[in-house]
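Summary of structural features
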Amino acid sequence: MIIAVTGTPGVGKTTVSKLLAERLGYEYVSLRDYAMEKGIGEMKGDELEVEVDELAYNFERDFKGRNVVVDGHLSHFLNADLVVVLRAHPKLIGERLKERGYSREKVGENVEAELVDVILVEALEENENVIEVDTTGKTPEEVVNEILGLIEKGVMRRVGVVDWSEVYDEVIPYLRL
């Protein structure tokens, strides 16, 4: 089974993915590291730009039939059995990305993406089996337990659990206005 863990930068993908893989006994794959290892894409500044179709083709060729948790904000474009979209309060994302040294523009771009569900919408356009999980105020263990609980119950689609429309005023300072 291939489980893709995706979401806006700063939601906790890497921490949750590693823990989920460990708990399931699956292999953990960082999609960014995989792309770099395979020479897919090119560095533009500090960002790796990839051709998504090439990435998806190579990933499927290399991992089909294996038990993998793949972590990356483009992982929902892969042919996965289940896509887990992690969400977090846009203000929390803004703070985390500022701490990481992201530029004001990049912080704004990602806060805005979380605010308007960009990754969730893309995931739903590409996949049948999508589970949305709000990580706000939860430990990584609580998030993984929630994901495992849904998988154990056979839930393969759960969306609409997050609505940030009421927090717009709180995140204005992070947006690119």
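Residues take numbers from 1 onward in each chain, read along the sequence in its written order. In keeping with the predicted nature of the model, local features appear solely for residues at pLDDT of at least 70, side-chain atom pairs appear and are counted solely at 80 or more, and the whole-chain, interface and lining totals rest on all residues. Excluding hydrogens and water, the side-chain figures rest on all heavy atoms present in the structure.

1. Things to note about helix α2 (residues 31–38)
Structurally, the α-helix is built with 3.6 residues per turn, so residues lying three or four positions apart point the same way. Threshold: Using a 1.4 Å probe on the protein chains alone, a residue whose accessible area is under 20% of its type maximum counts as buried, one over 50% counts as exposed, and one in between counts as partly exposed. Helix and strand assignments follow DSSP, with helices taken as H or I runs no shorter than four residues and strands as E runs no shorter than two, numbered in order from the N terminus. The arc under discussion is defined with respect to the helix axis, by the directions toward the C-beta atoms. Here, two residues are considered to be in contact whenever any of their heavy atoms come within 4.5 Å of each other.
Of all the positions in α2, only L31, Y34 and A35 are classed as buried. Taken around the axis of α2, the buried residues stretch over an arc of 95°, which confines them to a single face. Considering only its buried residues, α2 is in contact with β2 (27–30), β4 (47–49), α3 (52–63) and β5 (68–71). Positive phi shows up at G39, right after α2, with a value of about 70°.

2. A few points about the side chain of N110
As a reminder of what qualifies: Any N or O atom pair separated by 3.5 Å or less is treated as a polar contact, with the protein-specific requirement of one donor-capable and one acceptor-capable atom, and with residues adjacent in sequence counted only for side-chain atom pairs.
One can find N110 in helix α5 (residues 104–115). Among the polar contacts made by the side chain of N110, one reaches the main-chain carbonyl oxygen of K106 at a distance of 2.9 Å. Excluding residues that lie within four positions of it along the chain, N110 makes contacts with T8, P9, L97 and Y102.

3. Points about the packing of helix α4 (residues 90–99) against α5
Here is the rule: For helices, the fitted axis covers only the stretch in contact; all axes are lines through C-alpha atoms, and the angles between them, taken along N-to-C directions, range from 0 to 180 degrees. Orientation is classified from the angle alone, with under 35 degrees giving roughly parallel, over 145 giving roughly antiparallel, 65 to 115 giving roughly perpendicular, and any other angle giving oblique. By definition, any crossing whose near helix is turned counterclockwise from its far helix by less than a right angle is left-handed, and any crossing with a clockwise turn is right-handed.
At a minimum axis separation of 9 Å, α4 and α5 run at an interaxial angle of 155°. Taken together, the axes of α4 and α5 are roughly antiparallel relative to one another. Between α4 and α5 lies a crossing whose hand is right-handed. In this structure, α4 contributes P90, I93, G94, L97 and K98 to the contact, and α5 contributes V107, N110, V111, E114 and L115.

4. Quick notes on the environment of G108
In this fold, G108 is placed in helix α5. Remark: the alpha-carbon pair of G108 and G94, spanning 14 residues in sequence, is separated by 7.4 Å. Residues contacting G108, with those up to four places away along its chain left out, are Y174, L175 and R176.

5. A word on the pairing of strand β6 (residues 82–87)
Rules: In this scheme, strands are said to pair when DSSP sees at least two bridges between them.
The buried fraction of β6 is high, at six of six residues. Residues L82, V84 and L86 point to one face of β6 and V83, V85 and R87 to the other, with burial holding for every one of them. Bridging between strand β1 (residues 2–6) and β6 involves four bridges; their strand directions are parallel. Considered in β6, the bridge of A4 is made with V83. Relative to strand β7 (residues 130–134), β6 runs parallel, the two sharing five bridges. Among the inter-strand pairings, L86 is bridged to a residue of β7, identified as V133.

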